[in-house]
Amino acid sequence: MNSSILLILTSLTSIICPLLIFVACSYYISKNIRIDSIILFISSGFSLLSTGFYSILLPYLIQNRNFTFSDLQPYYTIGGIVNIIFGLCFAIGLFILVYKTVNENKIVSHRFPPSND
């Protein structure tokens, strides 16, 4: 019983970062619904789900259902491939966000010339 509680607490620590990123992307999409916010929201949501899958569900199946790693190997392989795809989607969304932010700052700085103080 004690080791299962420790396992759950250890698993929850790996969910903190994806959860914070998902919350930030949720806040961003609530403020601006654009292509970059949609891509970031969907990919961070999938990242949160896959982290829960890898950190909680698969260790639970291995420990309590007596599955071996070789029984679950196809799930790890498929999940890894899908994680790569959604990780690339997140990177694309982040690059779009950075590109738009940098270009918006250039446009604003041209409207307000520097003062001659």
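From a predicted model like this one, the values you see are computed outputs, not experimental measurements. (Residues numbered from 1 in each chain as written. Predicted model: local features only at pLDDT ≥ 70, side-chain atom pairs only at ≥ 80, totals over all residues. Heavy atoms only, no water.)

Some points on the confidence of the model for the protein
Segments scoring low in pLDDT should not have their predicted coordinates read at a detailed level. Applicable threshold: The quantity known as pLDDT measures the predictor's confidence residue by residue, on a range of 0 to 100. Working definition: helices are DSSP H or I runs of at least four residues, strands are E runs of at least two. Numbering for both runs from the N terminus.
The pLDDT averaged across the protein works out to 83; a share of 86% of its residues lies at or above 70. Per-element confidence in the protein ranges from a low mean pLDDT of 71 for helix α1 (residues 2–13) to a high of 92 for helix α2 (residues 16–31).

Concerning the environment of I62
As a reminder, the rule being used: The classification of residues rests on relative accessible area computed with a 1.4 Å probe and restricted to protein chains. Under 20% of the type maximum is buried, over 50% is exposed, and intermediate values are partly exposed. By definition in these notes, contact holds between two residues if any of their heavy atoms fall within 4.5 Å.
Examined against the element boundaries, I62 turns out to sit in helix α3 (residues 35–64). I62 gets classed as partly exposed once you look at its relative accessible area, which sits at 30%. Through-space distance from the C-alpha of I62 to that of L72 is 8.3 Å; in sequence the pair is 10 residues apart. In contact with I62, other than residues within four places in its own chain, are F67, L72 and Y76.

Notes on α3
Where we set the bar: One less than the residue count of a helix, multiplied by 1.5 Å, gives the span that helix is expected to have. Two axes define the bend at a residue: one fitted to the seven residues ending there, one fitted to the seven starting there, and the bend is the angle between them.
Taking 1.5 Å as the rise per residue, α3 with 30 residues should run 44 Å; its terminal C-alpha atoms sit 42 Å apart, in good agreement. F53 marks where α3 bends most, by close to 35°. Positive backbone phi, at 60°, marks N66, one or two positions downstream of α3.

What about the packing of α2 against α3?
Put simply, the rule reads: Whenever a helix is involved, its axis is fitted only over the stretch in contact; in every case the axis is a line through C-alpha atoms, and angles between N-to-C directions fall within 0 to 180 degrees. Angular relationships are summarised with four words: roughly parallel below 35 degrees, roughly antiparallel beyond 145, roughly perpendicular across 65 to 115, and oblique for the angles in between. We call a crossing left-handed when the near helix sits turned anticlockwise from the far one by less than a right angle, and right-handed when that turn is clockwise. Amino acid classes used here: Ala, Val, Leu, Ile, Met, Phe, Trp, Tyr, Cys and Pro are nonpolar; Asp, Glu, Lys and Arg are charged; the rest, including Gly, are polar.
Axis separation between α2 and α3 bottoms out at 9 Å; the angle between their running directions is 155°. Taken together, the axis directions place α2 and α3 in an arrangement best described as roughly antiparallel. Considering the relative orientation of α2 and α3, their crossing is left-handed. For the pair formed by α2 and α3, the contact residues are P18, L19, I21, F22, C25, S26, Y28 and I29 on the first element and D36, S37, I38, L40, F41, S44, G45, S47, L48 and T51 on the second. Its residues placed into classes, the contact of α2 with α3 shows 11 nonpolar, six polar and one charged.

Focus: the environment of S44
Formally: Any pair of nitrogen or oxygen atoms within 3.5 Å is treated as a polar contact; in protein, a donor-acceptor pairing is required on top of that, and neighbouring residues in sequence qualify only through side-chain atoms on both sides.
If you trace the backbone, S44 turns up in helix α3. Note: C-alpha distance between S44 and L19 (25 residues apart in sequence) is 8.4 Å. Those residues in contact with S44 that sit more than four places away from it in its chain are I21, F22, C25 and F90. A polar atom in the side chain of S44 sits 3.1 Å from the backbone oxygen of F41.

Observations regarding the side chain of S43
Relative to the helices and strands, S43 is located in helix α3. In terms of polar contacts, S43 uses its side chain to reach the backbone carbonyl oxygen of I39, at 2.7 Å. Those residues within four positions of S43 in sequence are excluded, and the remaining contacts are F86, C89 and F90.

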